[in-house]
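Notes for the structure review
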Amino acid sequence: MTRPPMGWNSWDCYGTTVTEEEVLANARFLAEHLLPFGWDTVVVDIDWSDPTAKSHGYNAGAPLCLDAAGRLVPDPGRFPSAAGGAGFGPLAAQVHDLGLKFGIHVMRGIPRLAVDGETPFVDRTNVCEWNPDMLGLDHSHPGAQAYYDSVLELYASWGVDFVKVDDMLWPYQAADVEAFARAVRRCGREIAVSLSPGRDLSLSRLPHLREHATMWRICDDLWDRWEDVEANVSRFARWAPHAGPDGWPDGDMLPLGRIGLRAERGDPRDDRLTPAERRTLVTLWVVARSPLMIGGDLPTSDPATVALFQNADVLAVLEATGNREVFREDPLVLWSAQGPGGVGYVAAFNLGAEPLEVALDSQDVDLPARLGTVHDVWSGEVVATVAVTAQEDATRGVAPGSTAVPVRLEPHGCVLLRHTP
C-alpha cells in the first residue's frame, strides 16, 4: 500500500443516525466522482445497531440490536437490507458492486446487553468513559479472545473490508489492541484496522501500533475549527516521518462540505472553515501522508469543496517519501518531500491571521541551489524564481548562489509547490 486509506465516513454529517440510503447515496457519489482519484472506502460510523439513535449524543440504555451470540447487528429500521439476519452483507455487496470497499465502526469490549451475571470474561472496571453501550473484556480469560474471534468472523462473513475500532487509544488498551488484531488475522478476510481516538498518543507506541493496526489516530475528534486544524500541525511533525506501508498516523476525518446534518456536534451547516483553511487542511493531511476520510455529505456538498478532493497532482504527494517539517518560526511552517525522478515538493503554511510574503531559500526546503521548473500544484501555474547572486532586500535571507522562491500566503493559507529538475 503506497497510499494511506482514502474514503468517506458518515460521522461528521450523520453522527450516530446514518441510514442505508444515505450511505448508498454517498457511495454512489464517491464511485462516480472520486474513485478515479483513489477514494475507495465507505465507512458506516458508530451506533448502527441503535434503533433509537439521535443527534447530539448517545442514548443510555439504548435497545441495541444483537444476535444470539451477543454480537451487534444493524438496526433493520435504518438498514432495511439487514432484515432476516442478513446483517451488513447486502449493503457491503452493493458497495462492492460500485468498485468500493465497505467499512464499519465498532467499540472496544462487549455490549452491556449481551452480558449477564454469569459472563466470566467481562471487566466492569475498564469501560469507555463517553459511550454507555459497552463493558470491557478480561483478557486473562480465553472467552475474551473467543468473543473477538466470533465478532470478526461475523464481519468477514458480511464482506467488511475496513474496521474503525474505537476506545482503543485513550487510555492505551494494549491487550485489546492485540486481541482484536489477532481476531482479524484469524477471520479469513483481509480487513484494514483503524484505531481511535488519538488523544495524548505517544510516539513510544509506534512499534506496537505498526504490529497491530493499519492506521491510528493521533488526535481527538477534529471539527471545522481553525484551532483544531492548527493543533495537528505539531502532531503531524512528530508522526509524519513514520508514515508508510507499515502503518499510517491519522489526523482524523476531513470535516469539509455539508456536515452536522444529524451529527454529534453542531447543527446542519457548510463547514465553517475559510477557503484558505480548507486548502491548508487538505494540503497538510496530504503532505503528512495521513489517511483521508471525507466527513461531509458528498451529494449536498459545495462543488468547490468536492474539487479539493479531485486534484490528482496534489494527491500524488501521498506517494512521496521523506515527508517532513523542515522549518517552523511563527507564523511560517515549511514541509518538504521527494517524489520520483528527482521531483521535490514544498508546502508552506501561514498559521497567522495576517497575509504573509516571504522569499524561500530553495536549499532550506531540500531543493537544489539552482532550480528547474517550479509549479504551484493546486493551480498548475509556473512560479517565477530568482537566482540570487548578491544580497538584496527582496531576497534577504536567501544565501548567495541559491535560488529565491517567492510565495504569498493568505491568513491560515498555504502554497504547495512541485520542483521538476
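Residues numbered from 1 in each chain as written. Predicted model: local features only at pLDDT ≥ 70, side-chain atom pairs only at ≥ 80, totals over all residues. Heavy atoms only, no water.

1. Here we look at the overall build of the protein
When helices and strands are tallied, the protein shows ten helices and 21 strands. Against the globule reference of 22 Å for 421 residues, the protein gives a C-alpha radius of gyration of 23 Å, in line with a compact fold. By principal-axis analysis of the C-alpha atoms, the protein measures approximately 80 × 45 × 35 Å. In the protein, buried positions account for 58% of the 421 residues. Long-range contacts, defined here as pairs at least 24 residues apart, represent 71% of the contacts in the protein between residues at least 6 apart. Accessible area of the protein: about 16300 Å², with a carbon and sulfur share of 50%. Where the 35 positive side-chain charges of the protein centre and where its 59 negative ones centre are 2 Å apart. (Helix = DSSP H or I, 4+ residues; strand = E, 2+ residues; numbered from the N terminus. Rg over C-alpha atoms; globule rule 2.2 N^0.38 Å. Buried < 20%, exposed > 50% of the residue type's maximum accessible area, 1.4 Å probe, protein only. Contact = heavy atoms within 4.5 Å. Areas by Shrake-Rupley, 256 points an atom, 1.4 Å probe, with all protein chains shown as cover. Lys, Arg positive; Asp, Glu negative; His and termini not counted. Charge placed at Lys NZ, Arg CZ, Asp CG, Glu CD.)

2. Some thoughts on the pairing of strand β16 (residues 344–350)
Among the seven residues of β16, seven are classified as buried, and the element is accordingly described as predominantly covered. The side-chain alternation of β16 yields two buried faces, one formed by Gly344, Val346, Ala348 and Asn350 and the other by Tyr345, Ala347 and Phe349. Where strand β15 (residues 332–338) meets β16, seven bridges bridge the pair, whose relative direction is antiparallel. Counted as the bridge partner of Ala337 is Tyr345 from β16. A loop of five residues connects β15 with β16, the two strands running antiparallel in sequence, and Gly341 in this loop sits at a positive phi of about 65 degrees. Note: β16 against strand β21 (residues 414–420), six bridges, orientation antiparallel. Bridging across to β21, Tyr345 finds its partner in Arg418. (Pairing = 2+ DSSP bridges.)

3. Regarding the sheet that holds strand β20 (residues 403–409)
Across the sheet, which stays open at both edges, the three strands sit in the order β17-β20-β19 with antiparallel pairing between neighbours. At either end of the open sheet lies a strand with only one pairing partner, and these are β17 (356–361) and β19 (386–387). In this sheet, β20 lies alongside β19 in antiparallel orientation, the contact comprising two bridges. Pairing of Val386 across the sheet is with Ala404, part of β20.

4. Side note on the nonpolar core
Ranked by internal contacts, the top residues of the largest apolar core, which has 107 residues, are Trp39, Ile104, Leu195, Trp216 and Trp335. Among the elements that take part in this core, helix α4 (residues 142–158) stands out by supplying nine residues, more than any other. When neighbours within four sequence positions are excluded, Trp216 is seen to be in contact with Leu169, Leu195, Leu201, Leu206, Leu209, Arg210, Trp239, Gly247, Trp248, Pro249 and Asp250. (Core = buried A, V, L, I, M, F, W, Y, C linked by side-chain atoms within 4.5 Å.)

5. What to know about the environment of Ser402
Turning to its location among the elements, Ser402 is positioned in the loop between β19 and β20. The class for Ser402 is buried, based on a relative accessible area of 0%. The sequence separation of Ser402 and Ser362 amounts to 40 residues, and the corresponding C-alpha distance is 6.6 Å. With sequence-adjacent residues up to four places away left out, Ser402 is seen in contact with Asp361, Ser362, Gln363, Ala369, Arg370, Val386, Ala387 and Val388.

As far as function goes, none of this settles anything; it's purely spatial.
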